[in-house]
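Listed below are the residues making up each chain.
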Amino acid sequence: MIQSRKDCFGILDNVFPMGNEGFREIVPECFKCSERKECLQAALQTEQGFELRSEALDRSSSGGLMGSLKRWSDKKALSKRQKGKKGVRK
């Protein structure tokens with residue numbers, strides 16, 4: 001038996017929308033959903049999700065040389081994963 005997903009599943013703007021203050025907000029209804037973890041994970045694997053994660057890394061504090069190297073490494077890993085997702089056709 002295949003379980004159907006809600007229409008909002010994995011859509012970043014539905015599950016983690018931009019609020020009036022310019023920050024992403026949590027939708028209270030999502031706390032009641034049994035698929036909230038999988039849904040947000042799927043949303044973060046979309047092109048928009050990769051952009052959000054990259055922007056968050058750009059805004060993060062560098063914390064000196066080691067922090068800068070970690071941020072660079074994290075951005076590089078994120079970029080590789082994003083390119084890998086683009087190469088996969090469904």
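This is a predicted model, so every value here is computed, not measured.

S.K.: Just to check I follow, could you spell out the overall build of the protein chain for this structure?
M.R.: When helices and strands are counted, the protein chain shows four helices and zero strands. If you list the helices and strands of the protein chain from N to C, you get α-α-α-α. Scaling as 2.2 N^0.38, a compact globule of 90 residues should have a C-alpha radius of gyration of about 12 Å, whereas the protein chain reaches 16 Å, well beyond that. Taken along the three principal axes of its C-alpha coordinates, the protein chain extends 50 × 35 × 20 Å. Every one of the 90 residues in the protein chain was classed for burial, and the buried ones make up 18%. In the protein chain, the share of contacts with a sequence separation of at least 24, taken over all contacts with a separation of at least 6, comes to 52%. Surface accessibility of the protein chain: about 7,300 Å² in total, with carbon and sulfur atoms responsible for 55%.

S.K.: Can you help me understand the nonpolar core in this one?
M.R.: One broad trend across soluble globular proteins is that nonpolar side chains are buried collectively. Within the largest apolar cluster, five residues are counted, these being Leu12, Val15, Cys39, Ala43 and Leu52. Among the elements of the structure, α1 (12–15) and α2 (36–44) are those that each provide at least two residues to this core. The residues touching Cys39, leaving out its near neighbours within four places in the chain, are Cys8, Phe9, Gly10 and Val15.

S.K.: Would you mind going over the state of the cysteines with me for this structure?
M.R.: Throughout this description, disulfide means a covalent bond between two cysteine sulfur atoms. Evaluation of the coordinates by the stated rule reveals zero disulfides. Free cysteine: Cys30, not disulfide-bonded; nearest cysteine sulfur from Cys8 at 6.1 Å. Take Cys30: its relative accessible area is 21%, and that puts it in the partly exposed class. The thiol of Cys33 is not disulfide-bonded; the next cysteine sulfur, from Cys39, is found 6.5 Å away.

S.K.: Please clarify how the environment of Phe50 should be interpreted in this entry.
M.R.: Tracing the backbone through its elements, the reader meets Phe50 in helix α3 (residues 47–59). It is 26 Å that separates the C-alpha atoms of Phe50 and Lys32, two residues lying 18 residues apart in sequence. In contact with Phe50, not counting residues within four places along its chain, are Leu44, Gln45, Leu78, Arg81, Gln82 and Lys85.

S.K.: It is not clear to me how the pattern of salt bridges should be interpreted in this structure. Could you clarify?
M.R.: Two side chains with opposite charge may pair up if their charged atoms get near one another. Applying the stated rule across the entire model yields four salt bridges. Residue Asp58 pairs with Lys75 through a salt bridge whose shortest N-O separation is 2.7 Å. Highlighted residues: Asp58 in helix α3 and Lys75 in helix α4 (residues 64–87), separated in sequence by 17 residues. Salt-bridge contacts for Asp74 lead to Lys70; the nearest nitrogen and oxygen are separated by 3.0 Å. One end of the pair is Asp74 and the other is Lys70, both in helix α4 and four residues apart, which spans about a single turn.

Thresholds applied
- Residues numbered from 1 in each chain as written.
- Predicted model: local features only at pLDDT ≥ 70, side-chain atom pairs only at ≥ 80, totals over all residues.
- Heavy atoms only, no water.
- Helix = DSSP H or I, 4+ residues; strand = E, 2+ residues; numbered from the N terminus.
- Rg over C-alpha atoms; globule rule 2.2 N^0.38 Å.
- Buried < 20%, exposed > 50% of the residue type's maximum accessible area, 1.4 Å probe, protein only.
- Contact = heavy atoms within 4.5 Å.
- Areas by Shrake-Rupley, 256 points an atom, 1.4 Å probe, with all protein chains shown as cover.
- Core = buried A, V, L, I, M, F, W, Y, C linked by side-chain atoms within 4.5 Å.
- Disulfide = S-S within 2.5 Å.
- Salt bridge = Lys/Arg side-chain N within 4 Å of Asp/Glu carboxyl O.

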